[in-house]
Amino acid sequence: MNSVTQGIPSTIAKGAPPVRHYLQFSDLTADEYRYLLERSAFIKGKFKTFMRHQTLVDRTLAMIFEKASTRTRVSFEAGMYQLGGSVVHITTGDSQMGRSEPIEDSARVISRMADLVMIRTYEQTKIERFAAYSRVPVINGLTNEFHPCQILADIFTYIEHRGPIQGKTVAWVGDGNNMANTWLQAAELLDFNVHVSTPSGYEVNEETARIAGKLSAGRYKTYSNPVDACRDVDLVTTDVWTSMGFEAENETRRKAFATWCVNSEMMQAAKANALFMHCLPAHRGEEVSAEVIDGPQSVVWDEAENRMHVQKALMEFLLLGRID
Ligand code: CP
Ligand code: NVA
């Protein structure tokens, strides 16, 4: 190392291990998830006791948003500051990305200045193209196909409230969307089961979810009646009927999803100690009744907060590896 190269991050130093991205849930191994979930609890504990935990001092996270966000923005931004780093917030509308600069060029430039990039966008292929040209880790902050940070937070939340998720059953009620796809990837890796109930025409597409031929037998079952899907499960979860980017289908979806509202009948079909989760934002009276989301089995506020704790652990892991 000479006076010019001194100080260059190890991620681009010669001989450094390849950059790790987090573009879908299956990008990490079960063993890495075990570490991350434990580390998240440790990091949360420090936050709750007002203890400093600054493992990413001087590092910068670039956050690129092509869709709206409350939780993802606040959790990544607050989390990065708490780790001692800083953030740059970019949207399509106020950057050259919205004026047709090729995504590959944006990736080359942004990843020379930032140490980590979080992207919320439309097609998964877009984030993959960015990652292919990024010299720093890229994190999926939601695409049409996946929402891995959310499922990581959901699993952490389940474990916090009820212990290991292994062997448990999750009911997915609603759209076969990015959340459903990610639950199914997670189920195989972390060895739990999923019951899926969607209206006809809104089923999970196994190719899109990248689970075709990859799941153990019986890993997930489909149900035409959402109450049946909830029977004896440990966790009931749902999401909006219309995801971002699909707003033109709103009216058609309202009709198709009318009986896919998680209500007390569904919660009563589940185990007595079952939890309710929703990634939020929620529409009371559509995908969930107010009684359920505001009721005693709902852990949606812990779930939202935990985004920050798990993402701090994730950012630390992608940049520093395991800290034992
Ligand atoms: N759950 C979630 O990702 O929320 P935001 O859209 O507010 O980021
Ligand atoms: N499925 C929803 C999740 C929002 C956090 C969407 O993609 O809009």
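Our structure is the block above this text.
Below is a summary of the structure that appears in this document. Here the structure is a predicted model, which means the values were calculated and not measured.

## Digging into the pattern of salt bridges
Here comes step 1: Summed over all chains, the structure comprises 22 salt bridges.
Here comes step 2: Here Arg39 ties to Glu316 by a salt bridge, and the two come within 2.6 Å at their closest N and O atoms. Here Glu316 lies in helix α11 (residues 300-320) and Arg39 lies in helix α1 (residues 30-48), a separation of 277 residues in the sequence. Taken as a pair, Arg39 and Glu316 share a single burial class, namely buried.
Here comes step 3: For the salt bridge of Glu305 with Lys44, the shortest nitrogen-to-oxygen distance reads 4.0 Å. Highlighted residues: Glu305 in helix α11 and Lys44 in helix α1, separated in sequence by 261 residues.
Here comes step 4: Given a relative accessible area of 26%, Glu305 falls into the partly exposed group.
Here comes step 5: Since its relative accessible area comes to 10%, Lys44 is described here as buried.

## Notes on the site of ligand 1
Here comes step 1: The environment of ligand 1 is formed by Ser69, Thr70, Arg71, Thr72, Arg120, His147, Gln150, Cys279, Leu280 and Arg307.
Here comes step 2: Take His147: an N or O atom from its side chain is 2.9 Å from an oxygen atom of ligand 1.
Here comes step 3: Within the side chain of Gln150, a nitrogen or oxygen atom sits 3.0 Å from a nitrogen atom of ligand 1.
Here comes step 4: Protein coverage of the free-state accessible area of ligand 1, which is 250 Å², stands at 95%.
Here comes step 5: When grouped by side-chain class, the residues that make up the shell around ligand 1 number two nonpolar, five polar and three charged.

## What about the packing of aromatic side chains?
Here comes step 1: Throughout the structure, instances matching the rule amount to five aromatic pairs.
Here comes step 2: With 5.8 Å between their ring centres and 85° between their planes, Trp183 and Phe192 make a pair best called edge-to-face.
Here comes step 3: Counting every residue linked through ring pairs, the aromatic cluster contains Tyr202, Trp241 and Phe257.
Here comes step 4: Above the plane of the ring of Tyr122 lies Lys67, whose end atom (NZ or CZ) is 4.7 Å from the centre.

## What about the sheet that holds strand β8 (residues 235-238)?
Here comes step 1: Within the open sheet, the five strands sit side by side as β7-β6-β5-β8-β9. Their pairing is parallel. Each of the sheet's edge strands pairs with one partner strand only, and the pair in question is β7 (220-222) and β9 (275-278). On average, each strand axis in the sheet is tilted by 20° relative to the strand beside it, whichever way the strands run.
Here comes step 2: Relative to β7, strand β6 (residues 193-197) runs parallel, the two sharing three bridges. The residue of β7 that forms the bridge with Val194 is Tyr220.
Here comes step 3: Where helix α5 (residues 148-162) meets the sheet, it contacts β8 and β9, and its direction lies at approximately 160° from that of β9.

## Some details on α1
Here comes step 1: If you check α1, its first and last C-alpha atoms are 27 Å apart, about what 19 residues at 1.5 Å a residue would give, namely 27 Å.
Here comes step 2: Of the surrounding secondary structure, the elements contacted by the buried residues of α1 are α5, α6 (178-190) and α11.
Here comes step 3: Downstream of α1 by one or two residues, Phe50 has phi in the positive range, about 60°.

## Quick look at the sheet that holds strand β4 (residues 138-140)
Here comes step 1: Taken together, four strands build an open sheet; the order of strands is β2-β1-β3-β4 and the sheet is parallel. Strands at the two margins of the open sheet, each flanked by one partner only, are β2 (86-91) and β4. Strand after strand, the sheet turns through a mean of 20° between neighbouring axes, direction not considered.
Here comes step 2: In this structure, strand β1 (residues 60-65) lies alongside strand β3 (residues 116-120), joined through five bridges in parallel fashion. Each residue of the ladder has a partner; that of Leu61, found in β3, is Leu116.

What counts, and at which threshold
- Residues numbered from 1 in each chain as written.
- Chains lettered and ligands numbered in written order.
- Predicted model: local features only at pLDDT ≥ 70, side-chain atom pairs only at ≥ 80, totals over all residues.
- Heavy atoms only, no water.
- Salt bridge = Lys/Arg side-chain N within 4 Å of Asp/Glu carboxyl O.
- Helix = DSSP H or I, 4+ residues; strand = E, 2+ residues; numbered from the N terminus.
- Buried < 20%, exposed > 50% of the residue type's maximum accessible area, 1.4 Å probe, protein only.
- Near = heavy atom within 4 Å.
- Polar contact = N/O pair within 3.5 Å; in protein donor to acceptor, adjacent residues only side chain to side chain.
- Areas by Shrake-Rupley, 256 points an atom, 1.4 Å probe, with all protein chains shown as cover.
- Nonpolar A, V, L, I, M, F, W, Y, C, P; charged D, E, K, R; others polar.
- Phe/Tyr/Trp six-rings, centres within 6.5 Å; stacked < 30°, edge-to-face > 60°.
- Lys NZ or Arg CZ within 6 Å of the ring centre and 35° of its normal.
- Pairing = 2+ DSSP bridges.
- Axes fitted to C-alpha atoms, helices over the stretch in contact; angles between N-to-C directions.
- Contact = heavy atoms within 4.5 Å.
- Expected span 1.5 Å × (residues − 1).

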